[in-house]
Amino acid sequence: MKAQKVVPAAHLAADDHARQKTAPGVARWLIHPATHLALILIIGLIAYSNTFTVPFMWDDDSIISTAAVTDLFRFLSGEGYAFNQRRFIGFLTFALNYHFGGTNVVGYHVVNLTIHLMTACLVYVLASITFRVPFFAHRAPFSQSTVIFIPLFAALLFVAHPIQTQAVTYIVQRLASLATFFYLAAVISYVKARLVMVESDKQQTVTGDATATGNNTTYLSWRMIGWFGLALACALLAMHTKEIAATLPLVILTYEFFFFGASERKNRLLFIAPILMILVIFISPVLLGKPMAEIMSAVDQQTRLQTMMPRADYLLTQFSVIATYLRLLVLPINQNIDYDYPVFSSFLVPQVMVGFLLISALLSLAVWLYRKSDTQPLNSGQPPLTVHLYRLIAFGICWFFITLLVESSFIPIIDVIFEHRLYLPSIGIFIAVAAGGALLMKRLPSFMYGWVIAATIIVIFTGATNMRNRVWQTSISLWTDVTAKSPNKDRAHDNLGQVLSEQGLMQEAAEEFKKAVLLNPDNHFSHYNLASCLALMKRPDEAIPHFLRALQLEPTMDTAENNLALAYLAIKQVDNAVVHFRQAVKINPNGVNFRNNLGSILHAKGSLGEAIPHLQKAVELAPDYAKAQHNLGKALLAAGSIQQGKFHLQEALRLEPGNDRYREAVTRSGIN
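Residues numbered from 1 in each chain as written. Predicted model: local features only at pLDDT ≥ 70, side-chain atom pairs only at ≥ 80, totals over all residues. Heavy atoms only, no water.

Chemist: What am I meant to see in the overall build of the protein chain here?
Modeler: Along the protein chain, the regular secondary structure elements total 32 helices and zero strands. Split into buried and exposed, the 672 residues of the protein chain put 51% on the buried side. Once local pairs closer than 6 in sequence are excluded, the contacts in the protein chain between residues at least 24 apart make up 72%. Carbon and sulfur atoms make up 63% of the accessible area of the protein chain, which totals about 30500 Å². (Helix = DSSP H or I, 4+ residues; strand = E, 2+ residues; numbered from the N terminus. Buried < 20%, exposed > 50% of the residue type's maximum accessible area, 1.4 Å probe, protein only. Contact = heavy atoms within 4.5 Å. Areas by Shrake-Rupley, 256 points an atom, 1.4 Å probe, with all protein chains shown as cover.)

Chemist: Before we go on, may I ask you to explain the side chain of Asn97 in this structure?
Modeler: Checked against the element boundaries, Asn97 lands in helix 5 (residues 88–101). Of the polar contacts made by the side chain of Asn97, one reaches the side chain of Arg174; its length is 2.7 Å. Not counting chain neighbours up to four residues away, the residues in contact with Asn97 comprise Gly102, Gly107, Tyr108, Val111 and Arg174. (Polar contact = N/O pair within 3.5 Å; in protein donor to acceptor, adjacent residues only side chain to side chain.)

Chemist: Mind showing me how you'd approach helix 26 (residues 558–570) here?
Modeler: For an α-helix, 3.6 residues make a turn, and residues three or four places apart therefore share a direction. For helix 26, with 13 residues, the first-to-last C-alpha span of 19 Å sits near the 18 Å given by 1.5 Å per residue. Check the buried side of helix 26 and you find it contacts helix 24 (524–536), helix 25 (540–553), helix 27 (574–587) and helix 28 (592–604). Directly beyond the C-terminal end of helix 26, a positive phi value near 70 degrees is found at Lys572. (Expected span 1.5 Å × (residues − 1).)

Chemist: Where do I start with helix 12 (residues 248–260) in this structure?
Modeler: Compared with an ideal rise of 1.5 Å per residue, which puts 13 residues at 18 Å, helix 12 spans 17 Å between its outermost C-alpha atoms and is within 8% of the ideal. Judged by how many residues are buried, helix 12 sits mostly within the fold: ten of 13 residues are covered. Buried residues of helix 12: Leu248, Pro249, Val251, Ile252, Thr254, Tyr255, Glu256, Phe258, Phe259 and Phe260, and no others. A positive phi of about 75 degrees marks Gly261, the residue just after helix 12.

Chemist: How should I be thinking about the pattern of salt bridges in this particular structure?
Modeler: Any two side chains of opposite charge can pair, on the condition that their charged atoms come close. Tallying each qualifying case throughout the model produces 20 salt bridges. Measuring nitrogen to oxygen at the nearest pair gives 2.8 Å for the salt bridge that ties Arg549 to Asp522. On the criterion of sequence distance, the pair formed by Arg549 in helix 25 and Asp522 in the loop between helix 23 (506–519) and helix 24 is long-range, its members being 27 residues apart. A relative accessible area of 51% means that Asp522 is categorised as exposed. One salt-bridge network, held together by shared partners, links Asp338, Asp415, Lys489 and Arg491. (Salt bridge = Lys/Arg side-chain N within 4 Å of Asp/Glu carboxyl O.)

Chemist: Just checking my understanding: could you explain the packing of aromatic side chains for this structure?
Modeler: Any pair of aromatic rings gets described here by the distance separating the centres and the angle formed by the planes. In this structure the tally under the stated criterion is 30 aromatic pairs. Both rings, one in Phe319 and one in Phe356, keep their centres 5.4 Å apart while their planes meet at 70 degrees; by these two values the pair is edge-to-face. Within this pair, whereas Phe319 is found in helix 16 (residues 311–330), its partner Phe356 is found in helix 17 (residues 350–375), the two being separated by 37 residues in sequence. You can call Phe356 partly exposed: its relative accessible area is 32%. One aromatic cluster is present, formed by Phe135, Tyr183, Tyr255, Phe257, Phe258, Phe259, Phe260, Tyr370, Phe395 and Trp399 through successive ring pairs. Here the basic side chain of Arg194 rests over the ring of Phe260, its NZ or CZ set 4.5 Å away from the ring centre. (Phe/Tyr/Trp six-rings, centres within 6.5 Å; stacked < 30°, edge-to-face > 60°. Lys NZ or Arg CZ within 6 Å of the ring centre and 35° of its normal.)

Chemist: Quick question: what am I supposed to make of the packing of helix 26 against helix 27 here?
Modeler: Working note: a packed helix pair is described by the angle between its axes plus the distance between those axes. Viewed as axis vectors pointing N to C, helix 26 and helix 27 meet at an angle of 165 degrees, and their least axial separation amounts to 8 Å. As the angle between them shows, helix 26 and helix 27 are arranged roughly antiparallel. Taken as a pair, helix 26 and helix 27 cross one another with a handedness that is left-handed. Residues Asp558, Glu561, Asn562, Leu564, Ala565, Leu566, Tyr568 and Leu569 of helix 26 form the contact with helix 27, whose own contacting residues are Val574, Asn576, Ala577, His580, Phe581, Gln583, Ala584 and Ile587. Partitioning the contact of helix 26 with helix 27 into residue classes produces ten nonpolar, four polar and two charged. (Axes fitted to C-alpha atoms, helices over the stretch in contact; angles between N-to-C directions. Parallel < 35°, antiparallel > 145°, perpendicular 65-115°, else oblique. Left-handed = near helix turned anticlockwise from the far one by under 90°. Nonpolar A, V, L, I, M, F, W, Y, C, P; charged D, E, K, R; others polar.)

Chemist: When you look at unusual backbone geometry in this model, what are you seeing that I'm missing?
Modeler: Excluding glycine, a negative phi dihedral is what most residues carry, and trans is how most peptide bonds are arranged. The backbone of Lys538 shows a phi angle near 65 degrees, a positive value even though the residue is not glycine. Along the chain, the position of Lys538 falls in the loop between helix 24 and helix 25. Positive phi, close to 70 degrees, is recorded for Lys572, a residue that is not glycine. Residue class for Lys572 comes out exposed when judged on its relative accessible area of 71%.

Chemist: Just checking my understanding: could you explain the side chain of Asn659 for this structure?
Modeler: Residue placement: Asn659 occurs in the loop between helix 31 (642–655) and helix 32 (660–668). A polar atom in the side chain of Asn659 sits 3.0 Å from the backbone nitrogen of Arg661.

Chemist: How should the environment of Val172 be read in this particular structure?
Modeler: With respect to the secondary-structure elements, Val172 resides in the loop between helix 9 (165–168) and helix 10 (174–207). Spatially, the C-alpha atom of Val172 lies 8.7 Å from that of Asp61, the residues being 111 residues apart in sequence. Excluding its chain neighbours within four sequence positions, the residues that come into contact with Val172 are Asp59, Asp60, Ser62, Ile63 and Phe94.

Chemist: Looking at this structure, I do not really get the confidence of the model for the protein chain. What am I missing?
Modeler: Detailed conclusions should not be drawn from predicted coordinates in areas where pLDDT is low. Put simply, the protein chain has an average pLDDT of 85, and 82% of its residues get 70 or more. Low pLDDT, under 50, characterises residues 1–26; the stretch is placed with 34 contacts to residues that sit more than four places away or in other chains. Taken together, the stretch residues 295–300 has pLDDT below 50 and engages in eight contacts with residues farther than four places along the chain or on a different chain. (pLDDT = per-residue confidence, 0-100.)

This is how it looks when you write it as structure tokens:
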């Protein structure tokens, strides 16, 4: 039996020929994928052209302050995997950035933007190859304009939309964008492998020999294996970049169900790739050295992040959060890096109910569209294009909700909302919107009107993204924006205070810290920051109560003990200073500054026998610490250990040859 001839999906439908009136030469240039990819890159570069000098912000400290990340050889020797095995690949890219560029932010932003542009190109590829799957190829042909419009518009929405700024401009959120890149690469590779399987089946059907082993069949088999292998490799990379990749098998199974369908279920390899991906995701930690017992133990702790929030409260809150996400995708105004978002504990709260109803409506729409596209006969009067695109819209909606499962379900995370969490889910919405746009274009007098509307949207989004990136130009501008939008959130004021103090604006910083303390009197960080700021402003009597409150809330703050002791010294309360220096050393015996400060004050009180061991420990811990060498030398001289004392004084001068005080001490000790 001969196989039924299939009209390629890219062929034009007869009723669309009248709409394709561009000159042939121009048309070929405009419809070429290379042109589309170039346009995507240009739009992305314009949108993010002002981000290359954006400084390190907030959690970016986890890059530049982590020893394993700032030393590539230590990172590769095993410390990097031990530091964060679930995000090893992402932090490997940071380690490479630091190795080749240090703290120069330009290199980090070049990599972040490159990842974003490549991911946008993969969105284009995914939407394009979807038109080659059996669901589309086995039905009536549809217009070339549709085949061009949907992938291009979806990719342009993705690359230009301002909601992506947090995942691109915020350096550390490369974890989200890079995981999405690998995620898409895995899905595309899987689809390519399945298309090869479909092609192989067609050839066997035509020849009538299911066991054909000709050269072409062998070639197709190797291609299929290669694509499946690439899909698994990308799945593994995605899983070790960020935990959002856990939804990848479910997305692939959904894609399989939506677009390859029952006609292909006879293939025994149908579910091998998704199942293998599931095994990779859950067993890879074991293969890379983590015992399964450790993974399975303490499940509650493994599925929550920095919070003991009840799972039910987090889930209820996410109903409202998802509604906010959808609003941001449609109307991206009042964007915020740190939302002041309430946690809800009741379903009857209006925000929760509205969010639940909106989610239910969208999921119901996806089910209705799927069933409509599955059951609607092509001769029923419905245009073939409508039947096709109903299915694509339904898949986009499902993609959105599936990819949100890790961060917007029952797994509590300390921060209930972040814009970068939309980076992967937004792909589904953008594909659905592009497909819906193609349906609307059918109602317009000309496709050109649709292209003008789409271009206008992209221009607006590109400008909005560039404007949003201006807020990221300095830490002060970013946190000023946050405090304006989250005025009742103590963390916003605390962070603004920190960046103001780093710029030497101490009075302004103190005002922000005071606001943070008023908003949350039980935040020990805010009390500590306010006290430190006041101490630097030479107001130790005002600083001391806040240091004491910080220690009352968090007794293990060694730096608070040390700085409180310094504040007591400033008001001549030496005995209180000694008490708190001792406590700092007790909390952190390896604190070099704490040892040096305690030894120095004990020396000043005449307790040389107790002072010298602390100073010796400080020098042992940090031989290059000139101040400790100097203080130890003075203490040893006072104790009668002349030669040892002179040695340490000389070491201090060697370490800081320009220090006049050290030079004077060496001269007075009689060292030649």
